[in-house]
Amino acid sequence: MGVTLYEVTPNGEYFHLSYYIGRASYAKDIENRQLLEPDKIETIDFSNTHFVSKQLSKGSRLLIGLTINKNPFSQLNYGTGKEVSDETILDAKEPLQIKWYNDSFVKIPVLK
């Protein structure tokens, strides 16, 4: 999963604040993999990283981009529980579908 954080200034300019990439199965515990289960709503915590911060301009907004890391430069995780380097699409059987719900949220700590 990838998370990108931007400041959007009042005049519409974007300022890149941070980017995080990680495996959802290691979000709760970086040493023990916990696979996502089909049809189960999960909370994915990505607090084991640091976001760059700056004082935002008055009237700025935060824009968060959530993505599934699926590009030609990364390993594709089929979620089978096997070592990701050893997995193939044949191991996956049923495709995992990711759904973002309307009540999904991202908590961002704000220092005043």
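Residues numbered from 1 in each chain as written. Predicted model: local features only at pLDDT ≥ 70, side-chain atom pairs only at ≥ 80, totals over all residues. Heavy atoms only, no water.

Draft legend 1. Expanded view of the overall build of the chain. The number of helices and strands found in the chain is one helix and three strands. Secondary structure of the chain in N-to-C order comes out as β-β-β-α. The C-alpha radius of gyration computed for the chain amounts to 17 Å, which surpasses the reference 13 Å derived for 112 residues by more than 25%, pointing to a less compact arrangement than a globule. Counting across all 112 residues of the chain, residues that qualify as buried make up 18%. The contacts in the chain between residues at least 6 apart in sequence include a share of 55% that link residues at least 24 apart. Summed over its atoms, the accessible surface of the chain is roughly 9300 Å², and 53% of this surface lies on carbon and sulfur atoms. Counting 13 positive and 14 negative side-chain charges, the chain places the averaged centre of each group 7 Å from the other. (Helix = DSSP H or I, 4+ residues; strand = E, 2+ residues; numbered from the N terminus. Rg over C-alpha atoms; globule rule 2.2 N^0.38 Å. Buried < 20%, exposed > 50% of the residue type's maximum accessible area, 1.4 Å probe, protein only. Contact = heavy atoms within 4.5 Å. Areas by Shrake-Rupley, 256 points an atom, 1.4 Å probe, with all protein chains shown as cover. Lys, Arg positive; Asp, Glu negative; His and termini not counted. Charge placed at Lys NZ, Arg CZ, Asp CG, Glu CD.)

Draft legend 2. View of the sheet that holds strand β2 (residues 14–21). Taking strand neighbours across the sheet as the criterion, the three strands line up as β2-β1-β3 in an open arrangement whose pairing is antiparallel. Looking along the sheet, the strands with just one partner apiece sit at the ends: β2 and β3 (61–67). Between one strand axis and the next, the sheet turns by 15 degrees as a mean value, whatever way the strands run. Of the pairings in the sheet, the one linking strand β1 (residues 2–8) to β2 comprises seven bridges and is antiparallel in character. In the sheet register, Tyr6 faces β2, and the bridge partner there is His16. (Pairing = 2+ DSSP bridges. Axes fitted to C-alpha atoms, helices over the stretch in contact; angles between N-to-C directions.)

Draft legend 3. View of a nonpolar patch on the surface. Side chains of Leu56, Leu62, Leu66, Ile68, Ile98, Trp100, Val106, Ile108 and Val110 sit close together on the surface and give an oily, nonpolar patch of about 770 Å² of accessible area. The partly exposed category is assigned to Ile108, whose relative accessible area is 33%. (Patch = residues over 30% accessible without salt bridge, like charges linked within 9 Å, V, L, I, M, F, W, Y side chains within 5 Å. Salt bridge = Lys/Arg side-chain N within 4 Å of Asp/Glu carboxyl O.)

Draft legend 4. Up close: the pattern of salt bridges. Inspection of every chain in the model, using the stated rule, returns three salt bridges. In this structure, the salt-bridge partner of Glu42 is Lys40, at a minimum N-O distance of 4.0 Å. Of the residues examined, Glu42 reaches a relative accessible area of 25% and is grouped as partly exposed. Look at Lys40 and you get partly exposed, because its relative accessible area is 45%. Taken together, the salt bridges that share partners define one network made up of Lys28, Lys40 and Glu42.

Draft legend 5. Layout of the environment of Arg23. Turning to its location among the elements, Arg23 is positioned in the loop between β2 and β3. Classification of Arg23 by relative accessible area gives partly exposed; the value is 26%. For the pair Arg23 and Leu66, spaced 43 residues apart in the sequence, the C-alpha separation amounts to 13 Å. Among the polar contacts listed, one links the side chain of Arg23 to the side chain of Gln75, at a separation of 3.0 Å. (Polar contact = N/O pair within 3.5 Å; in protein donor to acceptor, adjacent residues only side chain to side chain.)

Draft legend 6. Focus on the environment of Thr43. Looking at the element boundaries, Thr43 is found in the loop between β2 and β3. On a C-alpha basis, the gap between Thr43 and Lys54 in space is 27 Å, while along the polypeptide they are 11 residues apart.

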